[in-house]
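This is what each chain is made of:
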Amino acid sequence: MAMAFATFNLSPSLRFVSNNKGFFDSQLSNSFLSSHLFLGTSSFSVPTLSFSTIHQTSCRPHINASPCSSTSFRCFAQKSPVDGLGSNGASERLVVLVIGGGGREHALCYALQRSPSCDAVFCAPGNAGISTSGNATCIPELDISDSSAVISFCRKWGVGLVVVGPEAPLVSGLANDLVKVGIPTFGPSAEAAALEGSKNFMKSICDKYGIPTAKYQTFSDASAAKQYIKEQGAPIVIKADGLAAGKGVIVAMTLEEAYEAVDSMLVEGIFGSAGCCVIVEEFLEGEEASFFALVDGENAIPLESAQDHKRVGDGDTGPNTGGMGAYSPAPVLTEELQSLVMESIILPTVKGMSAEGCKFVGVLYAGLMIEKKSGLPKLIEYNVRFGDPECQVLMIRLESDLAKVLLAACRGELKGVSLNWSPGSAMVVVMASQGYPGSYEKGTVIQSLEEAENVAPCVKIFHAGTALDLDGNFIATGGRVLGVTAKGRDLKEARDRAYDAVEEIKWPGGFYRRDIGWRALPQNEFARNA
């Protein structure tokens, strides 16, 4: 039986849309619909939810740092209960607001929509793909840089949990402001977000609490930095201290490249205040991996492993990007290594931040290097949010109630919580605009996305940079535009499904890597796309 299409007006700027693969049919409980949806008057109200005490704290780090330091998816997973959560959590229903508008946020909306405890999902500003998929109701008018506007929206619509996707609102203090007025927020305070906002601060924490990381020195003077580089030799790594949109790390294979990187940051100021200090770091040889842990201020629980491909070209060649693809699990992170990462890196960081008076609440994303010579993990960097595109493969595999788990983290109640994951593997292939990570054309038309999602079971396309033109076509508005994601019984099946979907998409203005997962699969598995 076909389902009718209906639009429900909430206010002049808000709408909930229902169709056969949209918001209401998969998102809202029957009791919620019967109690709060009035078809005759086309009105909708969201119940006010009670808040519990939040364990996040607002504080200032007192580590010695430099003056520049700144602080219609067809394969539904089983909706499994979360172990270790009390009866209060079991009966609570949530309206969730996701902050952000990229592929990571689309994946979070998708997982939250499937959460049994979640009644509704908003996303601000969201994007065209999130909106048309029915994974959330997008609020493009909400200014996420204006804390008072976000607070007003949460109070008006009974938001019981805010999930902050990108790092910039966290570093600027959005979580501080929300927590201060009693709104549960998954994401660290500005002071705790300095773990990503200032690489020098992160390194200082490593030094003080014995966390293994690459040898380094911090400089604000170009001549002194160059002298140190000359003494250390190449290859060597140059990093801007602050946030630089994923472009502030240069792996210099020669001294000349290293000197140019220093001049571009400290003399030419290409990253503005984010590059007023640079970290000159030892080059580590080995295999990179991503490790994620949910943290409630005192406790941490690991997520499944994942590994991404940061360089733009096949064979991990060319400049670094925000990530051209990822897969989960990552064979390089054995159970023994994961335990070692928790014991030597994650837990010391959590305890160290607590000791500094800056409890961390949110997701700690550790970029690791598994050293070739020792086989041991070292911390390359911390991010204070889910990785993109790793979030896509994690969320498509997650079977636990994400909303309930994230609320438990906000309340300091992660102890004893365990997560359920689908068996097998997942892979995401990123489709980017031609020219990325350099200059690229915007507005190119993308077609056949629905056909791509239908090529195989368990395929989901997460949108990162899309909009709709006047004719209703998807167009590219960013560098990384689509995350074509698939699950399979093993990595080969997940890979085949993802690339089958990619090949169905008609987008002359886009490109993608053809070897995602090459480290974990035999080379002959890539012959068909060579």
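Residues numbered from 1 in each chain as written. Predicted model: local features only at pLDDT ≥ 70, side-chain atom pairs only at ≥ 80, totals over all residues. Heavy atoms only, no water.

In the annotation of an unreviewed UniProt entry, the protein is listed under the name phosphoribosylamine--glycine ligase and assigned to Gossypium lobatum. The UniProt entry for the protein carries this comment under Catalytic activity (unreviewed entry): "5-phospho-beta-D-ribosylamine + glycine + ATP = N(1)-(5-phospho-beta-D-ribosyl)glycinamide + ADP + phosphate + H(+)". The UniProt entry for the protein carries the following comment under Sequence similarities (unreviewed entry): "Belongs to the GARS family." (UniProt positions renumbered as here; feature names shortened; annotations may be inferred.)

**Description of the overall build of the protein**
Per the secondary structure count, the protein includes 17 helices and 28 strands. By residue count, 60% of the 530 residues in the protein fall in the buried class. Summed over all atoms, the accessible surface of the protein reaches about 20,400 Å², with 51% contributed by carbon and sulfur. (Helix = DSSP H or I, 4+ residues; strand = E, 2+ residues; numbered from the N terminus. Buried < 20%, exposed > 50% of the residue type's maximum accessible area, 1.4 Å probe, protein only. Areas by Shrake-Rupley, 256 points an atom, 1.4 Å probe, with all protein chains shown as cover.)

**Some remarks on the sheet that holds strand S7 (residues 137-138)**
Judged by pairing direction, the sheet is parallel, and its five strands sit side by side in the order S7-S6-S5-S8-S9 without closing on themselves. Among the strands making up the open sheet, the edge pair consists of S7 and strand S9 (185-186). In terms of strand pairing, strand S8 (residues 161-164) meets S9 through two bridges, oriented parallel. What sits directly across from Val162, in S9, is Thr185. (Pairing = 2+ DSSP bridges.)

**A closer look at the confidence of the model for the protein**
With 81% of its residues at a pLDDT of at least 70, the protein reaches an overall mean of 84. Counted against residues more than four places away or in other chains, residues 1-90, with its pLDDT under 50, gives 206 contacts. (pLDDT = per-residue confidence, 0-100. Contact = heavy atoms within 4.5 Å.)

**Brief notes about the pattern of salt bridges**
Per the stated rule, a full pass over the model turns up 21 salt bridges. Between Glu281 and Lys203 there is a salt bridge; the shortest N-O distance is 2.7 Å. Linking Glu281 in strand S13 (residues 278-282) with Lys203 in helix H10 (residues 199-209), this pair joins segments that are 78 residues apart in sequence. For the residue pair Glu281 and Lys203, the accessibility class agrees, reading buried in each case. For the salt bridge of Asp316 with Arg519, the shortest nitrogen-to-oxygen distance reads 3.4 Å. Of this pair, Asp316 sits in the loop between strand S17 (311-313) and strand S18 (317-320) while Arg519 sits in the segment after strand S28 (510-511), and the two are 203 residues apart along the sequence. (Salt bridge = Lys/Arg side-chain N within 4 Å of Asp/Glu carboxyl O.)

**Description of the side chain of His463**
Positionally, His463 belongs in strand S24 (residues 459-463). Residue His463 is classed as buried on the basis of its relative accessible area of 5%. Ignoring any residue separated from it by four or fewer positions in sequence, one finds His463 in contact with Gly102, Gly103, His106, Asn127, Gly129, Leu449, Phe474, Val481 and Leu482.

**A word on helix H15 (residues 402-410)**
Given 3.6 residues per turn, any residue in an α-helix points the same way as the ones three and four places further on. Of all nine residues making up H15, nine are buried, and the element is well covered by its neighbours. Leu402, Ala403, Lys404, Val405, Leu406, Leu407, Ala408, Ala409 and Cys410 are the residues of H15 that are buried. Measuring from the side-chain oxygen of the N-cap residue of H15 to the backbone nitrogen of Ala403 gives 3.3 Å; that N-cap residue is Asp401. Two residues or fewer past H15, Gly412 is found with a positive phi of approximately 75 degrees. (Polar contact = N/O pair within 3.5 Å; in protein donor to acceptor, adjacent residues only side chain to side chain.)

**Quick notes on the packing of helix H4 (residues 103-113) against helix H14 (residues 390-397)**
Following both chains from N to C, one finds H4 and H14 inclined at 10 degrees, their axes separated by 8 Å at the closest point. Compared by their axis directions, H4 and H14 come out roughly parallel. Contacts between H4 and H14 pair Gly103, Arg104, Ala107, Leu108, Tyr110 and Ala111 from the former with Cys391, Gln392, Met395 and Ile396 from the latter. Of the residues in the contact of H4 with H14, the class split is seven nonpolar, two polar and one charged. (Axes fitted to C-alpha atoms, helices over the stretch in contact; angles between N-to-C directions. Parallel < 35°, antiparallel > 145°, perpendicular 65-115°, else oblique. Nonpolar A, V, L, I, M, F, W, Y, C, P; charged D, E, K, R; others polar.)

**As for the nonpolar core**
By size, the foremost hydrophobic cluster in this structure holds 83 residues, and its most contacted members are Leu97, Leu195, Ile346 and Ile505. No other element matches helix H13 (residues 335-355), which puts seven residues into this core. Apart from residues no more than four positions distant in its own chain, Ile505 is found in contact with Met431, Ile446, Gln447, Ser448, Leu449, Ala452, Ile461, Leu482 and Val484. Within the second largest apolar cluster, 48 residues are counted, among which are Cys118, Leu161, Leu407 and Ala408. (Core = buried A, V, L, I, M, F, W, Y, C linked by side-chain atoms within 4.5 Å.)

**Overview of the pairing of S13**
The two faces of the sheet receive side chains in turn, since in a regular strand these alternate between them. In terms of burial, S13 is a largely internal element, four of the five residues being buried. Summarising the sheet, strand S10 (residues 216-219) and S13 pair through four bridges and their orientation is antiparallel. The residue bridging Tyr216 from the neighbouring strand is Glu281, located in S13. Looking at chain direction, strand S11 (residues 236-240) and S13 are connected through five bridges and run antiparallel. By the bridge assignment for S13, Ala240 is matched with Val278.

**As for the environment of Ala128**
Considering the arrangement of structural elements, one finds Ala128 in helix H5 (residues 128-133). Take Ala128: its relative accessible area is 14%, and that puts it in the buried class. Distance from Ala128 to Ala464, taken between C-alpha atoms, is 9.1 Å for residues 336 residues apart in sequence.

**Some thoughts on H14**
Burial within H14 is extensive, with eight of its eight residues counted as buried. Buried within H14 are the following residues: Glu390, Cys391, Gln392, Val393, Leu394, Met395, Ile396 and Arg397.

**Focus on unusual backbone geometry**
The omega angle of the peptide bond from Ala124 to Pro125 is 0 degrees, so this bond is cis rather than trans. Residue Pro329 is bonded to the preceding Ser328 through a cis peptide linkage, with omega at -5 degrees. The backbone phi angle of Ser448 is positive, close to 70 degrees, even though this residue is not glycine. Residue position: Ser448 is located in the loop between strand S23 (445-446) and helix H16 (449-453). Residue Cys458 is not a glycine yet carries a positive backbone phi of 60 degrees. Note on placement: Cys458 falls in the loop between H16 and S24.

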